[in-house]
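What the coordinates show
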Amino acid sequence: IIHVNNGYRIQFNNALGPYKGGVRFHPSVTPDILKFLAFEQIFKNAITGLHIGGAKGGADFDPKGKSDKEIMKFCQAFMSSFYNSIGADIDILGGDIGVGAREVGYLFGEYKQLTNSYHSIITSKPLSLGGSLGRISATGYGLIYFTQTLLEDIGETLKGKICTISGSGNVAIHAIEKLYDLGAIPVTCSDSKGAIHDSNGIDLTLLKNLKLERRASLEYYVAERKSATYVKKEQYEGGSNHVWNIPCFAAFPCATQNELGEDCAKRLINNDVKVVSEGANMPTTKNAIELFKEHNILFGPAKAANAGGVAVSVLEMSQNSSLQYFTEEEVDEKLQNIMSNIYTDIKKTCDEYCLEMDLVSGANILGFKRVANAMIAQGV
Ligand code: NDP
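A brief look at the structure comes next. Computed from a predicted structure; not experimentally measured.

Okay, the packing of aromatic side chains next. Throughout the structure, instances matching the rule amount to 12 aromatic pairs. Judged by centre distance (6.2 Å) and plane angle (40 degrees), the ring pair of Phe74 and Phe78 falls under tilted. Of this pair, Phe74 and Phe78 both sit in helix α2 (residues 68–82), separated by 4 residues, roughly a single helical turn. A relative accessible area of 13% means that Phe74 is categorised as buried. By relative accessible area, Phe78 is classed as buried at 5%.

What follows is the structure, given as structure tokens:
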């Protein structure tokens, strides 16, 4: 049987440096989705202050239920189709939904095979292939560091606060882990089939075992954890993810785009949420963001709040080219500095343009100016 999928790479802007952005394997992938992700990636990468351009790629391939060999074959086919268009100084890939260490390893292996080179053309590599310590956790940890800096600025903290999270993949799991480190209480998570509310706090060991080792659905969580309830996606009230019904101080959408709409925003506002910070890319709809703004809810936009992943990817690239490797502590310290600088730079832009705490506009202006200045400096 011949199985055909469509794969794409959108190389959007390389004014600041080589194209850089993740690869997504999910049945919902279309060129339009990759274009908005690549467009956002340009400004996210600019906001980090690092010298990388913006790109995104992916395929409508569904890794779920496939054997390791099928995944490997698909990764090889994907890479063989466009290895000529990428390179360590041209375009560097990374992970995203459905593309973790296993897929990254297979993509890298195929590039090496085809080009007879060991170039750093993809990040989020397994450690055995030159990956960086702290890269897997970087997006989730960075999200919480960013939110912590934002809260410190208004004299608040996450300590002892109830937090809700959607998703249960790489970003969600590491956000939950860092929330525990800071003394917060993360009580929800979700996947594509349903949502968990665990009033005692999410059991992280069980969650990791289910999602990272068994690659199983969250419905099995409740069998092993009596304090938790599970709501199937079909039973979500008005189609809105159940996790946004739970009263919380801070909400972290960490699954996918457009997952937090107007209805979810109203529920969060009615439950007195103080801060919403995006771990996923564009999870909050435009109308929901407007509502948060109207109600003075602090809002951390994805292009700032989840930039920790791409920032540590650049550290991975620099380690690969210098062959000098950082310890986990060094990476974590650099990540904390980068997230704190991102917040400071956006806040300065907000002050400069009299935007108060409108971090969405502040981030857009900051990212745009950096890219535009680099384009102008290169001549037209
Ligand atoms: P994973 O594939 O590890 O996890 C994705 C999670 O979201 C899973 O729990 C998945 O459920 C759930 N999910 C995916 N699609 C849907 C959907 N249509 N409806 C409901 N749930 C869904 O991906 P990541 O954690 O890496 O990425 C999550 C988000 O963060 C994405 O928006 C990504 O672009 C963004 N991001 C990721 C970065 C990274 O470093 N990984 C960097 C910056 C942003 P199930 O388990 O059932 O598949």
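This part takes up the site of the ligand. Neighbouring the ligand are 26 residues; Lys64, Asp96, Thr139, Ser192 and Asn281 lie closest to it. With respect to the ligand, the side chain of Arg135 contributes an N or O atom lying 3.1 Å from an oxygen atom. Separating an oxygen atom of the ligand from a side-chain N or O atom of Thr139 is a distance of 2.7 Å. A total of 890 Å² of accessible area belongs to the ligand in isolation, and the protein chains cover 83% of it.

Next up on the list: the nonpolar core. Where a protein is soluble and globular, its nonpolar side chains tend to be buried together. Phe146, Leu158, Phe252, Ile342 and Ile346 are the most contacted members of the largest nonpolar core, which has 54 residues in total. If we skip the residues at most four places from it in the chain, Ile342 touches Ile47, Thr48, Phe146, Ala304 and Ala307.

The next thing to look at is a negative patch on the surface. Negative charge collects at one region of the surface, where Glu328, Glu329, Glu330 and Glu333 lie side by side. Residue placement: Glu328 occurs in helix α11 (residues 328–352).

Turning our eyes to something else, we now look at the sheet that holds strand β3 (residues 23–25). Across the sheet, 3 strands lie side by side as β1-β4-β3; this open sheet has mixed pairing. Edge strands, defined here as strands with exactly one partner in the open sheet, are β1 (7–13) and β3. Strand after strand, the sheet turns through a mean of 15 degrees between neighbouring axes, direction not considered. For β1 and strand β4 (residues 54–59), the ladder comprises 6 bridges, and the chain directions are antiparallel. Residue Asn13 lies in a different strand from β4, and its bridge partner there is Gly54.

Bringing the pattern of salt bridges into the picture now. Close approach of charged atoms allows side chains with opposite charge to pair. Scanning the model with the defined rule gives 21 salt bridges in all. A salt bridge links Arg9 to Asp91, with the nearest nitrogen and oxygen atoms 2.7 Å apart. Taken as a pair, Arg9 in strand β1 and Asp91 in strand β5 (residues 91–92) lie far apart in primary sequence, 82 residues in all. Arg9 gets classed as buried once you look at its relative accessible area, which sits at 17%. Asp91 sits in the buried class, given a relative accessible area of 0%. For Lys178, the salt bridge identified is with Asp181, shortest N-O distance 3.0 Å. Of this pair, Lys178 and Asp181 both sit in helix α5 (residues 170–181), 3 residues apart, which is roughly one turn of the helix. Among the ionic contacts, a cluster of salt bridges with common partners joins Arg24, Lys56 and Asp96.

Let's shift gears to the pairing of strand β11 (residues 250–253). Of the two faces of β11, the one lined by Ala250 and Phe252 and the one lined by Ala251 and Pro253 are each fully buried. Relative to β11, strand β6 (residues 162–166) runs parallel, the two sharing 4 bridges. Each residue of the ladder has a partner; that of Ser166, found in β11, is Pro253. Bridge analysis of β11 against strand β12 (residues 275–277) gives 2 bridges, and the strand direction is parallel. Bridge pairing links Ala251 to Val276 in β12.

Looking at the secondary structure, you find Gln41 in helix α1 (residues 31–47). Given a relative accessible area of 5%, Gln41 falls into the buried group. Those residues in contact with Gln41, other than ones at most four positions away along the chain, are Lys20, Gly21, Gly54, Ala55, Lys56 and Val310.

Each value, and the rule that gives it
For every chain, the first residue of the written sequence is number 1, and numbering continues from 1 onward in sequence order. Local features in a predicted model are, by the rule used here, given only for residues with pLDDT of at least 70; side-chain atom pairs are given and counted only at 80 or more, and totals for whole chains, interfaces and linings are based on all residues. To get the side-chain values, take all heavy atoms of the structure and skip hydrogens and water. Think of it this way: a Phe, Tyr or Trp ring, Trp meaning its six-membered ring, pairs with another when their centres are within 6.5 Å, and the plane angle makes it stacked under 30 degrees, edge-to-face over 60, tilted otherwise. Secondary structure elements are defined from DSSP: runs of H or I of at least 4 residues count as helices, runs of E of at least 2 residues count as strands, and each element is numbered from the N terminus. Per-residue accessibility, obtained with a 1.4 Å probe over protein chains only, is compared with the maximum for each type, and a residue is labelled buried under 20%, exposed over 50%, and partly exposed between these values. Neighbouring residues are identified by heavy atoms, a residue being near a molecule or strand if any of them is within 4 Å of it. Polar contacts, as used here, are pairs of N or O atoms within 3.5 Å; protein pairs need one atom able to donate a hydrogen and one able to accept it. Residues neighboring in sequence count only if both atoms are side-chain atoms. Per-residue accessibility takes into account occlusion by the displayed protein chains alone, with areas from the Shrake-Rupley method and a 1.4 Å probe. Take the buried Ala, Val, Leu, Ile, Met, Phe, Trp, Tyr and Cys residues and link them wherever side-chain atoms come within 4.5 Å; each set so joined is a nonpolar core. The contact rule is simple, with two residues in contact once any of their heavy atoms fall within 4.5 Å. Residues enter patches when their relative accessible area tops 30% and they take part in no salt bridge; the joining distance is 9 Å for like charges and 5 Å for the nonpolar side chains Val, Leu, Ile, Met, Phe, Trp and Tyr. Criterion for a salt bridge: a side-chain nitrogen of Lys or Arg within 4 Å of a carboxyl oxygen of Asp or Glu. When charges are counted, neither His nor the chain ends are considered; positive counts come from Lys and Arg and negative counts from Asp and Glu. Charge positions are represented by NZ for Lys, CZ for Arg, CG for Asp and CD for Glu. We treat two strands as partners when DSSP finds at least two bridges between them. Orientation is described by lines fitted to C-alpha atoms, with helices fitted over the stretch in contact, and by angles between N-to-C directions that extend from 0 to 180 degrees.

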